[in-house]
Amino acid sequence: MNQRVFGAILVAVSAVSFGAMAIFARYAYADGADVIAVLFLRFAIAATLMGAYMLAARRRWPRGRNLAILAAMGGVGYVGQSFAFFSALNHASAGLVALLLYLYPFLVTMLGAIFLREPLSAGRVFAVLAALGGTALTLGGGIAGEPLGVVLGLAAALIYSAYILVGSRVLAAEDAMGAATVVMIAAAVVFGAIALATAPRFPGEPAGWAAVLAIAVVSTVIAMGGFFAGIRRLGAADAATLSTLEPAVTIVLAAVFLDEPMNRLQLAGGAIILAAVVWLTRSSAASRADAATGADKAAEGSAEGRA
């Protein structure tokens, strides 16, 4: 299978897994758990499972400078983004906060072009803007909030953008599972310290614990592993754009499992996001194929010249 197509599939699986997290979290909160408890259990369980797999499979762990960078990504980047996002929800509507967070594909694309010299075509920019517009439609109404909520929402998007860009550089030299495991361990340590200081409320019934386990396994282990592996094959900008499938997935799952209404604008937004994702994947694969064909022809010409 073409590596970019496989990368797109991995990011799509990651987006579906991340998109389901809000549904699982709703069940965990309904069982009495609070945000700190859910976040701590999420990262602690994921770190344990991923660490055990790394040891059993004897996978290569990151070392040296990359190990330190990945630890900072988890302990500072992931924790900071989570706190900014959940704090923003106290000062702005969920729709506005989510829309601000999903500025990150555009930010990743622009910052990657500026600082990492990643190629920036008009088509790629259009795909990112189309996905952003589709996200706005998918999230529906309720776009309101205080200035502090806007600042915190933008901070979450900026932190996540930096996280993705840094991760794309580190992943060029590291195993995706090893990198994701280090990020999870670092985040678990930090949230563990916060949990000890704040006495969080944990789930009270098996259903709540099952929801937390689903967050850890589906929306963290599978989601992070798929996203990191996808970044290696697609690059930061395209992986970020493809991940805009997440809000569409959340809306559909909420309608199915939580009986939340879904209107025509949200359906249209989901269709726009899907179209942008398909176009980006196909155009990127075609451009890579053209480049490979050009290289093959050049090689053939060189061989003929030597003959």
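Looking at an unreviewed UniProt entry, the chain carries the name DMT family transporter, with the source organism given as Thauera sinica. For the chain, the Sequence similarities (unreviewed entry) comment in UniProt is given as "Belongs to the EamA transporter family." Per UniProt, the chain carries the Subcellular location (unreviewed entry) text "Membrane".

(A) Expanded view of the overall build of the chain. In terms of helices and strands, the chain carries 13 helices and zero strands. Order of helices (α) and strands (β) in the chain, N terminus to C terminus: α-α-α-α-α-α-α-α-α-α-α-α-α. Counting every position in the chain, which comprises 307 residues, the buried fraction comes to 49%. Pairs at least 24 apart in sequence give 89% of the contacts found in the chain among residues at least 6 apart.

(B) Highlighting a nonpolar patch on the surface. On the surface, Val5, Phe6, Ile9, Val13 and Ile222 cluster together to form a nonpolar patch covering roughly 350 Å² of accessible area. The element that contributes the greatest number of residues to the nonpolar patch is helix α1 (residues 3-19), accounting for four residues. Note that Ile222 resides in helix α10 (residues 206-234). Ile222 gets classed as partly exposed once you look at its relative accessible area, which sits at 39%.

(C) Spotlight on the environment of Arg42. Along the chain, the position of Arg42 falls in helix α3 (residues 35-57). Expressed as a C-alpha distance, the spacing of Arg42 and Val221, which sit 179 residues apart in the sequence, is 9.5 Å. Discounting residues that sit within four places of it in the chain, Arg42 has contacts with Phe18, Met21, Tyr78, Ile215, Ala216, Ser219 and Thr220. At a separation of 3.3 Å, a polar atom in the side chain of Arg42 contacts the side chain of Tyr78.

(D) The nonpolar core, seen in detail. Of all hydrophobic cores here, the largest spans 56 residues; its most connected members are Tyr163, Ile164, Val183, Met184, Met224 and Phe228. In terms of residues, this core owes the most to one element, helix α9 (residues 176-198), which gives twelve residues. Filtering out sequence-adjacent residues up to four positions away, Ile164 remains in contact with Tyr104, Val108, Phe227, Ile231, Ala236 and Ala240.

(E) Spatial organisation of the UniProt feature "transmembrane region" (unreviewed entry) in the chain. Following the UniProt record, one finds the feature "transmembrane region" (unreviewed entry) at residues 7-29, 35-55, 67-89, 95-116, 125-144, 150-166, 178-197 and 209-229. Overall, residues 7-29 shows 96% helix and 0% strand. The separation of its end C-alpha atoms is 33 Å. The span residues 35-55 carries 100% helix and 0% strand; its end-to-end C-alpha distance comes to 30 Å.

(F) Molecular detail of the environment of Ala28. Examined against the element boundaries, Ala28 turns out to sit in helix α2 (residues 21-30). Residue Ala28 is classed as buried on the basis of its relative accessible area, which comes to 0%. Remark: the alpha-carbon pair of Ala28 and Trp209, spanning 181 residues in sequence, is separated by 7.1 Å. Residue contacts for Ala28: discarding those within four places in its chain leaves Ala33, Val38, Gly208, Ala211 and Val212.

(G) Here's a closer look at the side chain of Ser219. Turning to its location among the elements, Ser219 is positioned in helix α10. When near neighbours in sequence (up to four residues on either side) are disregarded, Ser219 contacts Ser17, Phe18, Ala20, Met21, Phe24, Arg42 and Ala214.

(H) Just α10, in detail. Compared with an ideal rise of 1.5 Å per residue, which puts 29 residues at 42 Å, α10 spans 39 Å between its outermost C-alpha atoms and is within 8% of the ideal. Taken as a whole, α10 carries its principal kink of about 30° at Ala223. Two residues or fewer past α10, Gly235 is found with a positive phi of approximately 95°.

Procedures and definitions
- Residues numbered from 1 in each chain as written.
- Predicted model: local features only at pLDDT ≥ 70, side-chain atom pairs only at ≥ 80, totals over all residues.
- Heavy atoms only, no water.
- UniProt positions renumbered as here; feature names shortened; annotations may be inferred.
- Helix = DSSP H or I, 4+ residues; strand = E, 2+ residues; numbered from the N terminus.
- Buried < 20%, exposed > 50% of the residue type's maximum accessible area, 1.4 Å probe, protein only.
- Contact = heavy atoms within 4.5 Å.
- Patch = residues over 30% accessible without salt bridge, like charges linked within 9 Å, V, L, I, M, F, W, Y side chains within 5 Å.
- Areas by Shrake-Rupley, 256 points an atom, 1.4 Å probe, with all protein chains shown as cover.
- Salt bridge = Lys/Arg side-chain N within 4 Å of Asp/Glu carboxyl O.
- Polar contact = N/O pair within 3.5 Å; in protein donor to acceptor, adjacent residues only side chain to side chain.
- Core = buried A, V, L, I, M, F, W, Y, C linked by side-chain atoms within 4.5 Å.
- Expected span 1.5 Å × (residues − 1).
- Bend = angle between axes of the 7 residues up to and from the residue.

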